[in-house]
Amino acid sequence: MKKLKPVDVVIVGGGWTGLAMAKEITERTSLNVVVLERGPARKTSDYMDMMDEVDNALRHRMMQNIAEETVTHRFSRNETAVPVRQYGHFLPGTGTGGAGEHWTGIAYRFLEDEFVLATAMREKYGASKLPEGLSVQDWGVTYAELEPYYWKAEQMMGVGGKAGNLRGRLIDGGNIFEAPRQQEFPNPPHKTTYTIELFGKAARELGYHPYPTPAATLSQTYTNPDGITRPGCAYCGYCMLYGCMIEAKAQPTNTLLPIVQKRKTFTLRNHAWVRRVIHRDGKAEGVMYMDEHGEEVLQPAHIVVLASWTMNNTRLLYLSKIGDPYDPETGKGTLGKNLTHQARGDSGGLVLFEKRVLGHGGAGGMGFRLSDFDGFNGIDQFPGVLRGGSIGGGGVAGHPISSFGNIPPGAARRNWGSEWKKAALEWQGRIVAAGGFSGEHLAYRQNYMDLDPTYTDKWGDPLLRHTIDWTEHEHKQAAMAGAIAAKLARQMAALAGAKYVQGGGRGRGGSRTQRYQVVSYNSTHVQGGAIMGSSPETSVVNTYLQHWKMPNLFVVGGSAFPQNASGNPTLTALAITYRSADALIERYLKHPGVIA
Amino acid sequence: MRRREFISIPAKGLGGLLIYSLTGKPVRLQAQDGTVKVPLRFFTAEEAKIVQAACARIFPSDESGPGATEANVVVYIDRQLAGPYGRDKYRYTKGPWVESVPEHGYQGKENPQQIYRANIPKLGADFAGLPPEQQDERLEKIQNSLFFRMLRQHTIEGMFCDPMHGGNKDLIGWQLIGYPGPLMSYRDEIGKNDTEPFRGKPKSLAQIVGHPVKPWEDEAG
């Protein structure tokens with residue numbers, strides 16, 4: 001094994017959270033920081049040539065190579081798990097910037113009560129009324145404490161939107177259910193399209209409060225506090241699954257990397273696959289990784305930061321034997337607990353238009369959503385629904401392969417041949433589904449992660465095993481979302497003089513399934529495993545994302561979420577990471593030890 | 001090294017009238033005559049003929065416009081199969097191999113190359129020469145199979161992919177559905193809510209960026 005000279009800080013993962021940590025530390029201290037990124041280097045100029053549906057959307061060119069490592073899945077712990085052999089339900093990124101390069105750019109703050117969810121649910125329902133096995137936890141940090149860090153992340157990205165709650169004052173046209181913000185968004189909302197406006201109008205007529213989706217795809221030219229200037233979105237429609245070729249979509253490579261790569265104390269090593277955290281006597285001593293030639297390398301470091309997303313953070317802790325593995329039988333142990341994903345909705349039917357209404361341009365965050373059934377809002381009329389989610393609508397035509405063949409139910413006898421082709425051509429761009437549901441996924445005792453006993457990665461290390469299934473609650477959420485989406489679709493149809501039909505609905509991430517599945521896309525919002533909290537009995541890291549048992553090890557990002565909120569996770573992953581960086585710099589460095 | 005095999009693609013179909021079903025306006029496409037010989041990377045000439053005939057029934061050339069034959073769908077499939085996708089280079093292929101429930105997706109050991117090679121003969125060596133009704137009968141018999149689902153999906157991909165992948169020849173698929181290509185900006189159009197399908201000549205990615213683009217299937221190794 002090749003042994004390198006020690007560095008002050010080694011960070012595993014060069015995505016949003018890893019580079020945010022690196023930027024804060026190199027900005028405010030003189031420490032040397034090395035970031036180890038498993039995938040290739042990436043830069044904006046690569047992305048123009050990648051506006052290709054086959055290579056990116058179908059063959060997943062920007063994703064981690066699943067041949068080298070995947071996860072296994074089983075529904076419950078008495079079954080044998082099987083490997084996820086090809087990508088379906090989530091898409092982990094790789095390379096500098098990680099999934100932050102191919103993300104859609106939806107930049108939510110979580111609801112205020114999300115951070116005290118266990119307390120809030122007990123207060124509302126009473127402990128005895130909660131479903132058996134619910135393992136929702138408080139985060140140990142409040143929204144008010146995180147607000148400045150949310151603002152820092154929003155400014156860095158240049159998030160566009162409209163405030164609905166400015167220091168407690170509710171503002172029409174914004175999300176009146178959002179947690180109070182101290183400032184208006186850094187940028188205004190995106191332009192919209194005919195069908196998006198129609199969705200918004202239908203929602204308002206039904207008494208709901210639609211708001212522009214908060215988007216990290218710039219709505220205008222913007223210079224952030226670091227002096228990085230990026231242009232407004234050109235609405236090319238290549239956001240989700242693609243890197244932005246003009247830097248309108250905030251990505252680690254166009255916001256954080258340009259700053260850190262100029263610093264002498266910063267080093268980024270690509271093709272460095274970290275396999276172990278090396279530790280002794282409760283102290284991390286560095287990491288072992290494989291370099292691009294397949295050679296083992298030891299990188300000693302005084303501080304180790306794991307910033308390699310939910311899966312790999314959890315897996316590295318398991319592989320390195322750090323912490324107490326969670327046991328779903330006894331509820332003891334913490335590592336791997338509270339695996340959550342995203343709850344989805346039933347089909348709300350389709351609006352069929354007389355002529356083509358969907359164009360090809362668009363931006364990831366373009367559109368309206370409503371939070372009238374998010375959190376505890378409006379859910380009491382749906383028995384059994386304990387937490388809701390947001391509902392969006394509108395949409396664009398999508399790319400030619402994935403959007404082709406969207407026809408009303410019964411429009412052709414079979415899904416090939418002349419009759420089908422004619423119907424598909426006639427209905428091109430004329431069908432809109434009203435409500436995409438993005439629901440909270442509560443944590444349950446039986447949903448967790450550990451190491452698979454059978455399957456291994458390219459180096460022979462055990463794969464991470466997911467044990468997870470939907471419960472009755474997710475089905476009730478889905479039914480609620482379907483009912484609301486149907487109301488919205490009917491209203492849209494009435495407003496536009498279009499036709500409404502039940503059923504149908506297709507495409508990525510749209511609908512729930514009876515059982516958990518790994519085949520069609522849900523979202524890449526997979527959370528938990530190394531969750532944060534206020535007690536080492538119930539969490540892996542403290543609220544500063546410092547490992548309870550290893551003070552010089554920080555584990556940042558989505559792995560720390562005790563459960564998944566309805567909103568997309570990136571902004572929150574960054575907010576808790578910024579807070580962690582503050583604590584590391586201001587407190588840990590002055591008094592190495594557990595940050596009290 | 002295997003013998004170089006070719007498939008002949010009739011180019012004369014491109015000279016016909018294309019009726020857009022939405023607007024009803026006939027639009028004349030660029031005329032071309034004769035046939036084009038395309039070298040094959042994976043299929044034998046016999047296999048390619050059968051696949052081409054099957055794709056032509058899945059996405060026929062008919063009164064609603066050109067189909068899989070004119071778009072060179074078989075060339076697209078041939079290149080995908082010859083590339084990393086066909087060889088499962090980017091699929092988890094470690095054992096043990098076990099059967100599982102549909103929620104776990106395809107768990108089979110066979111890669112797309114093997115699936116095509118094993119299943120094409122099941123359509124019959126005489127498939128390409130059969131009348132369309134008989135071809136449809138044979139396809140109906142397998143329409144719930146993994147092979148057919150792949151073939152159907154690959155046919156749609158070959159119709160509407162960027163031409164660098166071998167299909168969507170002369171952007172005929174994108175013209176058919178009114179897709180202008182991966183344009184770099186809709187900044188001026190996005191708010192206008194213009195709902196007319198695009199009826200100009202689409203642009204390929206290479207035309208838009210101004211230089212040749214290398215598709216992933218051409219990657220070595």
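Keep in mind the model is a prediction, meaning the values are calculated, not measured.

A. Highlighting the environment of V432 of chain A. Residues and elements named next belong to chain A. With respect to the element layout, V432 can be found in strand β18 (residues 431-433). Assessed through the 25 C-beta atoms surrounding it within 10 Å, V432 is described here as buried. Each C-alpha atom of the pair V432 and M492 lies 9.6 Å from the other, and the pair is 60 residues apart in sequence.

B. Examining the sheet that holds strand β16 (residues 368-370) of chain A more closely. All names here are of chain A. Taken in spatial order, the 4 strands of this open sheet run β8-β16-β17-β19, and their pairing is antiparallel. Either end of the sheet is taken by a strand with one partner, and the two such strands are β8 (211-212) and β19 (436-439). Where β8 lies against β16, 2 bridges are found, and the strand directions are antiparallel. By the bridge assignment for β16, Y211 is matched with R369. Across the sheet, helix α13 (residues 472-496) is in contact with β17 (389-393) and β19; its angle to β17 comes to roughly 35°.

C. Structural context of the packing of helix α2 (residues 73-82) of chain B against helix α5 (residues 146-160) of chain B. Residues and elements named next belong to chain B. Orientation of α2 relative to α5, taken along the N-to-C sense of each, is 110°, at an axis distance of 8 Å. When the interaxial angle is binned, α2 and α5 end up roughly perpendicular. α2 and α5 meet at a crossing whose hand is right-handed. Between α2 and α5, the contacting residues are V73, Y76, I77 and Q80 on the first element and H154, T155, E157, G158 and M159 on the second.

D. Representation of the interface of chain B and chain A within the structure. Each partner contributes to the interface: chain B provides 56 residues, whereas chain A provides 55 residues. At 4 residues, α5 of chain B tops the list of elements feeding residues into the side of chain B that touches chain A. Classifying every residue of the side of chain B that touches chain A by side-chain character gives 29 nonpolar, 14 polar and 13 charged.

E. Looking closely at the sheet that holds strand β15 (residues 350-352) of chain A. All names here are of chain A. Read across the open sheet, the 3 strands follow the order β18-β15-β22; overall the sheet is antiparallel. Edge strands, defined here as strands with exactly one partner in the open sheet, are β18 and β22 (499-501). Neighbour to neighbour, the strand axes of the sheet diverge by 30° on average, direction disregarded. Note: β15 against β18, 3 bridges, orientation antiparallel. Note on β18: the bridge partner recorded for V351 is V432.

F. Representation of the confidence of the model for chain A in the model. Residue-level pLDDT values for chain A average 95, and 98% of them are 70 or greater. For the stretch residues 506-510 of chain A, pLDDT sits under 50, and the model shows 9 contacts to residues farther than four places along the chain or on other chains.

G. Structural context of the nonpolar core. In this structure, I11, V304, V305, V555 and A560 of chain A are the most contacted members of the largest nonpolar core, which totals 224 residues. If we ignore the near neighbours within four places in the chain, the residues touching A560 of chain A are A530, I531, M532, V541, L545, V555 and I576 of chain A.

H. Unusual backbone geometry, seen in detail. Residues and elements named next belong to chain B. Across the junction of G95 and P96, the peptide omega takes the value 0°, indicating a cis bond. Within the fold, P96 resides in the loop between α2 and α3 (112-119). Here D170, not a glycine, exhibits a phi torsion of approximately 55°, which is positive. Its place among the elements puts D170 in the loop between α5 and α6 (172-177). On the basis of neighbour count, D170 is assigned to the buried category, with 20 C-beta atoms found within 10 Å.

I. Focus on the pairing of strand β2 (residues 7-12) of chain A. Residue and element names in this part refer to chain A. Bridge count for β2 against strand β14 (residues 296-306) is 5 bridges, and the pairing is parallel. The residue of β14 that forms the bridge with I11 is V305. By the bridge criterion, 4 bridges tie β2 to strand β3 (residues 33-36) in an arrangement that is parallel. Its bridge partner being in β3, V12 is matched across the sheet by L36. Running through helix α1 (residues 16-28), the crossover from β2 to the neighbouring parallel element β3 is right-handed.

J. Quick peek at the confidence of the model for chain B. Residue and element names in this part refer to chain B. Averaged over all residues, the pLDDT of chain B equals 87, while 84% of them reach at least 70. Contacts of residues 12-32 to residues separated by more than four positions or lying in other chains number 36 contacts, the stretch itself having pLDDT below 50. Scored as a complex, the prediction yields pTM 0.95 and ipTM 0.95.

K. Seen up close, the packing of helix α1 (residues 45-58) of chain B against α5 of chain B. Residues and elements named next belong to chain B. Remark: α1 packs on α5, axes separated minimally by 10 Å, with the N-to-C direction vectors making an angle of 75°. When the interaxial angle is binned, α1 and α5 end up roughly perpendicular. Counting all contacts with α1, which are made through A54, C55 and I58, the residues of α5 involved are L151, R152 and T155. Tallied by class, residues from the contact of α1 with α5 come to 4 nonpolar, 1 polar and 1 charged.

L. Here's a closer look at α2 of chain B. With 9 of 10 residues buried, α2 of chain B lies mostly within the body of the structure. Listed in full, the buried residues belonging to α2 of chain B are V73, V74, V75, Y76, I77, D78, R79, Q80 and L81 of chain B.

M. Broad picture of the environment of D380 of chain A. Of note, D380 of chain A is situated in the loop between β16 and β17. Residues D380 of chain A and R122 of chain A, spaced 258 residues apart in sequence, show a C-alpha to C-alpha distance of 15 Å.

N. Highlighting helix α6 (residues 143-157) of chain A. All names here are of chain A. With 15 residues, α6 extends 20 Å from end C-alpha to end C-alpha; this agrees with the ideal 21 Å at 1.5 Å per step. Where α6 bends most, the angle comes to about 25°, and this point is Y149. Burial in α6 covers these residues: L146, Y149, Y150, A153, E154, M156 and M157. Taken from the residues just after α6, G158 is the one with a positive phi, measuring 80°.

Criteria and thresholds
Residues numbered from 1 in each chain as written. Chains lettered and ligands numbered in written order. Predicted model: local features only at pLDDT ≥ 70, side-chain atom pairs only at ≥ 80, totals over all residues. Helix = DSSP H or I, 4+ residues; strand = E, 2+ residues; numbered from the N terminus. Buried ≥ 20, exposed ≤ 12 C-beta atoms within 10 Å, placed from the backbone. Pairing = 2+ DSSP bridges. Contact = placed C-beta atoms within 7 Å. Axes fitted to C-alpha atoms, helices over the stretch in contact; angles between N-to-C directions. Parallel < 35°, antiparallel > 145°, perpendicular 65-115°, else oblique. Left-handed = near helix turned anticlockwise from the far one by under 90°. Nonpolar A, V, L, I, M, F, W, Y, C, P; charged D, E, K, R; others polar. pLDDT = per-residue confidence, 0-100. Core = buried A, V, L, I, M, F, W, Y, C linked by C-beta atoms within 7 Å. Right-handed = clockwise from strand over helix to strand, strands pointing away. Expected span 1.5 Å × (residues − 1). Bend = angle between axes of the 7 residues up to and from the residue.

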